[in-house]
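Commentary on secondary and tertiary structure
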Amino acid sequence: MTIQRILPAARYSEAVIVNGLIFCAGMVPENSSDDATLQTEDVLGQIDALLAQCGTDKTRLIDATIYLADMADYAAMNLAWDNWVAPGCAPARATVEAKLADPAWKIEIKIVAAQ
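**Examining the nonpolar core**
Counting residues in each nonpolar core, the largest one holds 25 residues, and the members touching the most others are Ile47, Trp81, Ile109 and Ile111. For this core, the secondary structure elements donating two or more residues are strand 2 (13-18), strand 3 (21-24), helix 1 (36-53), strand 4 (61-68), helix 2 (74-84) and strand 6 (107-114). When residues in this core are grouped by element, the largest group, 5 residues, is from helix 1. Not counting residues up to four positions away in its chain, the partners in contact with Ile47 are Met27, Trp84, Ile109 and Ile111.

Here it is as structure tokens:
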């Protein structure tokens, strides 16, 4: 079995590919001063770029875990999510409230996709 690490660092890799599956690290917004919708759009754009680097795209999503700092942002996050997810290709998904590493982050998204 071959394991390919994408953008590895000392603590984690941005993605790991094994047996045709891509496990992506949690992605957080680059601009933490934005509102929840814009932070979500930012993270989804990063996911698009990482998936492209791995040779796939959002039509191959399998699973998504969305961490919100405050569930009050659920509708704002879904606004961006619903505009982004490919029609007919929605992954299995869980959304939970969690204390994130940076208090300014409103969202973190972790996904699994097929190559």
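**A few points about the side chain of Asp73**
Residue placement: Asp73 occurs in the loop between strand 4 and helix 2. Put simply, Asp73 is tucked away with no salt bridge, and the nearest opposite charge, on Lys106, sits 4.6 Å away. Discounting residues that sit within four places of it in the chain, Asp73 has contacts with Ala36, Leu68 and Lys106.

**Structural notes on helix 1**
Taking 1.5 Å as the rise per residue, helix 1 with 18 residues should run 26 Å; its terminal C-alpha atoms sit 26 Å apart, in good agreement. Among the residues of helix 1, Ala36, Thr37, Gln39, Thr40, Asp42, Val43, Leu44, Gln46, Ile47, Leu50 and Leu51 are the ones counted as buried. On its buried side, helix 1 packs onto strand 1 (3-8), strand 2, strand 3, strand 4, helix 2 and strand 6. The distance from a side-chain oxygen at the start of helix 1 to the backbone nitrogen of Thr37 is 3.2 Å, and the residue carrying that oxygen is Asp35. Among the residues trailing helix 1, Gly55 stands out with phi positive, at a value near 85 degrees.

**Focus on a nonpolar patch on the surface**
Together, Leu21, Phe23 and Ile62 line one region of the surface with nonpolar side chains, adding up to about 220 Å² of accessible area. Take Ile62: it is sitting in strand 4. For Ile62, a relative accessible area of 38% gives the class partly exposed.

**Considerations on the packing of aromatic side chains**
Counted by the stated rule, this structure contains 1 aromatic pair. Here the aromatic rings of Trp81 and Trp84 are separated by 5.3 Å at their centres, their planes lie at 55 degrees, and the arrangement is tilted. Of the two residues, Trp81 and Trp84 are both situated in helix 2; the distance of 3 residues between them amounts to about one turn of the helix. The exposure classification of Trp81 matches that of Trp84, with both residues buried. Against the face of Trp81 rests Arg93, its NZ or CZ located 5.2 Å from the ring centre.

Each value, and the rule that gives it
Residues numbered from 1 in each chain as written. Predicted model: local features only at pLDDT ≥ 70, side-chain atom pairs only at ≥ 80, totals over all residues. Heavy atoms only, no water. Core = buried A, V, L, I, M, F, W, Y, C linked by side-chain atoms within 4.5 Å. Buried < 20%, exposed > 50% of the residue type's maximum accessible area, 1.4 Å probe, protein only. Helix = DSSP H or I, 4+ residues; strand = E, 2+ residues; numbered from the N terminus. Contact = heavy atoms within 4.5 Å. Lys, Arg positive; Asp, Glu negative; His and termini not counted. Salt bridge = Lys/Arg side-chain N within 4 Å of Asp/Glu carboxyl O. Expected span 1.5 Å × (residues − 1). Polar contact = N/O pair within 3.5 Å; in protein donor to acceptor, adjacent residues only side chain to side chain. Patch = residues over 30% accessible without salt bridge, like charges linked within 9 Å, V, L, I, M, F, W, Y side chains within 5 Å. Areas by Shrake-Rupley, 256 points an atom, 1.4 Å probe, with all protein chains shown as cover. Phe/Tyr/Trp six-rings, centres within 6.5 Å; stacked < 30°, edge-to-face > 60°. Lys NZ or Arg CZ within 6 Å of the ring centre and 35° of its normal.

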